[in-house]
Amino acid sequence: MNSTTEQAPALPEARRVPGPPGGNAAGSGPKKRKRNKVPQQSFRSRLRRDKQMLLMMLPGVAFLLLFFYIPILGNVIAFQDYQPYLGIGDSLWVGWQNFVDLFGNPDFIHAFWNTLYLAAWQLVFLFPVPLVLALIVDSLISTRVRRIFQSIAYLPHFLSWVLVIAFFQQMLGGAGFVNNLLRDWGMDPIPFMTNPETFPVMVVVQMIWKDAGWAMIIFLAALASIDASLYEAAAADGAGRWRRMWHITLPGLRPVIVLLLILRIGDILSVGFEQFILQRDAVGAGAAEVLDTFTYYTGVVGGGWSSGAAAGLAKGVVSALLIYGANKLAHRFGEDGIFAKQVR
Amino acid sequence: MATTLFTKKPRELSYNPKRPVWKEKPSALYQTVKAVVLIVFSLSILTPILLVVSTSLADTEQLVKAGGFVLWPERPTLEAYVTIFKGPMVLQSLGVSMLVTAVGTILALFVTITMAYATSRTVLFGRPVILAVLFTLLFAPGLIPSFLMIRQLGLLDSLWSLILPGIFGAFNFVVMRSFFMNIPGELIESARIDGANDWQILWRIVMPLSKAVIAVVGLFYAVGFWNSFFNALLYINDHSKWPIQLLLRNFVVQGSGAADQLGITTTPPPQSIQMAVVVVALVPILMVYPFLQKHFAKGVITGAVKG
């Protein structure tokens, strides 16, 4: 403990070597200097010292400003009657009118509920699959079988959604492989890909196919970090496999499970945008319209920039609240959450 | 983040082939259930890939006989591939995708490496500022404002609109930064005392030590650029600038008259032509996958733990 805290100032001390020797004259007299604290230099001398580092940050900062922070500010058009030829400066401000219109719009309400419905499906059925797969893989004794299965299971994560949907169409589509077989056997083809009622199932199956194997990695790592002697001790005390799983494995995985749930919840209103855009034509807007597709078709395709932005902003705000709430909840249960409460 | 998670030294991932003495021998039922789950999952992934590749290689006679799909080409032929490369569209969009991927990956690596290195050493701003910035990156600015930004910059219908929005990824940044933070400070200090400036240190000391992580992050970016389709749908109208994913979407997923759009007259059945385009988009990923797989698990775990 002591040795690590004392090492902390070593770096800045040494960094000052090539710099001007008067660097710390301004900020920190010996009286102010606390034992574990980096000696304070004046802002200007630190600026001079880190000149090149700051220069290095420039491309990244420029990116963040241009494609992240300024677009975030661009959300103000949700409160305007935005006209492209007038621009943000000259468009009329309309206050909350866009939101009022939005919540009176049955299409938006439909997209909103549909998003929640699909999100619930994903949370309930998608989340446990990687966990179960990881438990099975972790229980395998043969390294070779593990390796082979992992290589196969990770692969689809790197395929684009376009490819994934293409694969599903070839397998399950109206003229696809399975339906061809069914016809050969004299049965009626099943409209897997175009039936709006089973669409939520299809969406979840596609997501499992693409990402369940990949999501396994993090569980596997957590499983590997559980102390093996715990299992041995429990077994010696007579705990069977299920008791060991309940009392050792699952508590050991709890922090990861909580963390992944929070990340998932923050992302949950996005449900799977590309997936829906790609299949909206096949199953119809009734089943595949979600907040993101609504934003896209209203704003970019339909030219309703302000209502699109308002829908997007509403979604963003709800997501942010969800992340915040989930993180708070995790802290309450004594977990670290996304960010530990105290920054070291 | 969840630092308590991995404080114990991880047990080796490669297993001891011998079963621990205390572990009971699994019953036949468990063994069967496990085997079935793993085999079904693996087959569900491998079958579509095999089906698509085989169908693209199958000749007309076999395809017609089998009713459109084959699991194994009896007389493999490259006819479908010859046909799609005769028309201009596939070659063009492959060119676009390769260009975007190459330029994008190089730019992305530059931006990510410089940013990660600069923030990994003590600089003007402390850790709280960086954490706060990372936190904001959890949220997306939204579709419409991003679109308006690209339009404002005059990038619509320009390949830059496919490149620039993807040159910085929060996840890759975190992985890179946590790797740089583990490089011993003494190395950097000694170089500084020898008179190297920060750029020289980055280029001569830090980057040679980080080849593995740079390769992984670069591959992640490359896969991302190759796979991205929505940016093209948003920003690109000009058919000659379509990347391969958009082409794929438009005449495989939406199935709109493949042959017409490719500008070719079709002799092999449309099925194998469609499949050939799928394979063309798939092969680059399959080629880099072994490299990816070798390193990614480690990268993902570092990123997730140190975030």
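Residues numbered from 1 in each chain as written. Chains lettered and ligands numbered in written order. Predicted model: local features only at pLDDT ≥ 70, side-chain atom pairs only at ≥ 80, totals over all residues.

Undergrad: Explain the overall build of chain A to me, please; I cannot follow it from the model alone.
TA: Each helix and strand in chain A was counted, giving 18 helices and two strands. Among the 344 residues that make up chain A, the fraction classed as buried is 36%. Looking at chain A alone, contacts between residues at least 24 apart form 61% of all its contacts between residues at least 6 apart. (Helix = DSSP H or I, 4+ residues; strand = E, 2+ residues; numbered from the N terminus. Buried ≥ 20, exposed ≤ 12 C-beta atoms within 10 Å, placed from the backbone. Contact = placed C-beta atoms within 7 Å.)

Undergrad: What should I look at first to understand the overall build of chain B in this one?
TA: Secondary structure summary: chain B contains 15 helices and zero strands in total. Residues classed as buried in chain B amount to 39% of the 307 residues present.

Undergrad: For this particular structure, what's the right way to read the interface of chain A and chain B?
TA: At the junction of the two partners, chain A supplies 91 residues and chain B supplies 90 residues. Looking at side-chain class alone, the side of chain A that touches chain B contains 62 nonpolar, 18 polar and 11 charged residues. (Nonpolar A, V, L, I, M, F, W, Y, C, P; charged D, E, K, R; others polar.)

Undergrad: Explain the nonpolar core here, please?
TA: If you look at soluble globular proteins, the nonpolar side chains tend to sit buried side by side. Counting residues in hydrophobic clusters, the biggest one holds 152 residues, and the most contacted among them are A:M216, B:L248, B:V277 and B:V278. Sorting elements by how many residues they give to this core places helix α12 (residues 199-224) of chain A first, with 15 residues. (Core = buried A, V, L, I, M, F, W, Y, C linked by C-beta atoms within 7 Å.)

Undergrad: How should I be thinking about the environment of B:V33 in this particular structure?
TA: Residues and elements named next belong to chain B. Looking at where V33 falls in the secondary structure, it is placed in helix α1 (residues 28-57). By C-beta crowding, V33 is classed as partly exposed, having 13 other C-beta atoms within 10 Å. The spatial distance from the C-alpha of V33 to the C-alpha of E61 is 41 Å, given a sequence separation of 28 residues.

Undergrad: Would you mind going over the packing of α12(A) against helix α14 (residues 241-267) of chain A with me for this structure?
TA: Two packed helices can be described by the angle between their axes and the distance between those axes. All names here are of chain A. For the pair α12 and α14, the least separation of the axes is 9 Å and the interaxial angle reads 155°. If you check the angle between α12 and α14, you find them roughly antiparallel. Handedness of the α12/α14 crossing: right-handed. Every residue of α14 that contacts α12 at I218, F219 and A222 is listed here: G252, L253, V256 and L260. When grouped by side-chain class, the residues that make up the contact of α12 with α14 number six nonpolar, one polar and no charged. (Axes fitted to C-alpha atoms, helices over the stretch in contact; angles between N-to-C directions. Parallel < 35°, antiparallel > 145°, perpendicular 65-115°, else oblique. Left-handed = near helix turned anticlockwise from the far one by under 90°.)

Undergrad: I tried to follow the packing of helix α8 (residues 128-139) of chain A against α12(A) on my own but got confused; where do I start?
TA: Residues and elements named next belong to chain A. Close contact between α8 and α12 brings their axes to 7 Å; oriented N to C, the two are set at 55°. Classed by the angle they form, the pair α8 and α12 counts as oblique. In the crossing of α8 with α12, the sense of the turn from one axis to the other is right-handed. Listed contacts from α12 to V129, P130, L131, L133, A134, V137 and D138 of α8 are I208, A212, G213, A215, M216, F219, L220 and L223.

Undergrad: Looking at this structure, how should I read the confidence of the model for chain B?
TA: All names here are of chain B. On average, chain B scores 82 in pLDDT, and the residues at 70 or more come to 83%. Ranking the elements of chain B by mean pLDDT puts helix α14 (residues 258-262) last, at 49, and helix α7 (residues 160-163) first, at 94. Both confidence scores are given for the complex: pTM 0.82, ipTM 0.84. (pLDDT = per-residue confidence, 0-100.)

Undergrad: What exactly am I supposed to notice about the confidence of the model for chain A here?
TA: Residues shown with low pLDDT carry predicted positions that ought not to be read at fine detail. All names here are of chain A. With 85% of its residues at a pLDDT of 70 or more, chain A shows a mean pLDDT of 80. A low-confidence stretch, residues 1-34 (pLDDT under 50), is modelled with 30 contacts involving residues beyond four sequence positions or located in other chains. pLDDT under 50 marks residues 340-344. Its contacts with residues more than four places away, or in other chains, come to five contacts.

Undergrad: Explain unusual backbone geometry here, please?
TA: Negative phi is the rule for most residues except glycine; trans is the rule for most peptide bonds. Of note in this structure, B:D157 is not a glycine but carries a positive phi near 65°. Relative to the elements of secondary structure, B:D157 occurs in the loop between α6 (143-152) and α7.

Undergrad: What is the right way to read the environment of A:I248 from this model?
TA: Residue and element names in this part refer to chain A. The residue I248 is located in helix α14 in this model. For the pair I248 and I226, spaced 22 residues apart in sequence, the C-alpha to C-alpha distance is 8.2 Å. Discounting chain neighbours no more than four positions away, the residues touching I248 are I226, L230, Y231 and A234.

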